[in-house]
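Close look at the chain arrangement
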Amino acid sequence: MAFTLRSVKVPPNSASLEEARHRVFNFFRTACRSIPSIIGIYNLDDVVTVSQLRSTIASEIRKNSYLTNPKVIDMLLFKGTEELNNILEHAKQRHHLIGQYVVGNHGLVQDLGTKDQGISSFLKDFYKSNYF
């Protein structure tokens, strides 16, 4: 599967917003169809389900739903296709996928409430002001 995606050449720029939108839907379908093989390659059965990965891909696509320039959409599609190719060719390690697509920017759910227990209010304020 990974080599079939790699052999696909970069298409020319989209002529219209509708064509770019159609390409986004095709990319989403391709990405969703490759989720079971990604879970198999990286042994993610114990960490995430297919539906969770599908919703993560959908949320990444929805982040840029406000874009109206077809050239920018094509550039993001190219980046997404490269990311998918890298994942399918096993160019990333398991913890990269878990950090980017399973845990995400929110951190582990079970760690959210337990980090600041037993720390003084001064240290809590210090950490809030100095963490980016």
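Residues numbered from 1 in each chain as written. Predicted model: local features only at pLDDT ≥ 70, side-chain atom pairs only at ≥ 80, totals over all residues. Heavy atoms only, no water.

- The protein chain goes by NADH dehydrogenase [ubiquinone] 1 alpha subcomplex subunit 6 in an unreviewed UniProt entry, where it is assigned to Morus notabilis.
- Of the comments in the UniProt record for the protein chain, the one headed Sequence similarities (unreviewed entry) reads "Belongs to the complex I LYR family."
- Reading the Subcellular location (unreviewed entry) entry of the UniProt record for the protein chain gives the comment "Mitochondrion inner membrane". (UniProt positions renumbered as here; feature names shortened; annotations may be inferred.)

1. Concerning the pattern of salt bridges
- What the rule picks out here adds up to six salt bridges.
- For glutamate 18, the salt bridge is made with arginine 21, and the minimal N-O distance between the two is 3.7 Å. Here the residue glutamate 18 and the residue arginine 21 both occupy positions in helix 2 (residues 17-33), the gap between them amounting to three residues, near one helical turn.
- On the basis of relative accessible area, glutamate 18 is assigned to the exposed category, the value being 53%.
- For arginine 21, a relative accessible area of 45% gives the class partly exposed.
- Between arginine 23 and glutamate 19 there is a salt bridge whose closest N-O contact spans 2.9 Å. With arginine 23 and glutamate 19 both in helix 2, this residue pair falls four residues apart, about one helical turn.
- Classification of glutamate 19 as partly exposed rests on a relative accessible area of 29%.
- Put simply, Glu19, Arg23 and Asp74 are held in one network by salt bridges that share partners. (Salt bridge = Lys/Arg side-chain N within 4 Å of Asp/Glu carboxyl O. Helix = DSSP H or I, 4+ residues; strand = E, 2+ residues; numbered from the N terminus. Buried < 20%, exposed > 50% of the residue type's maximum accessible area, 1.4 Å probe, protein only.)

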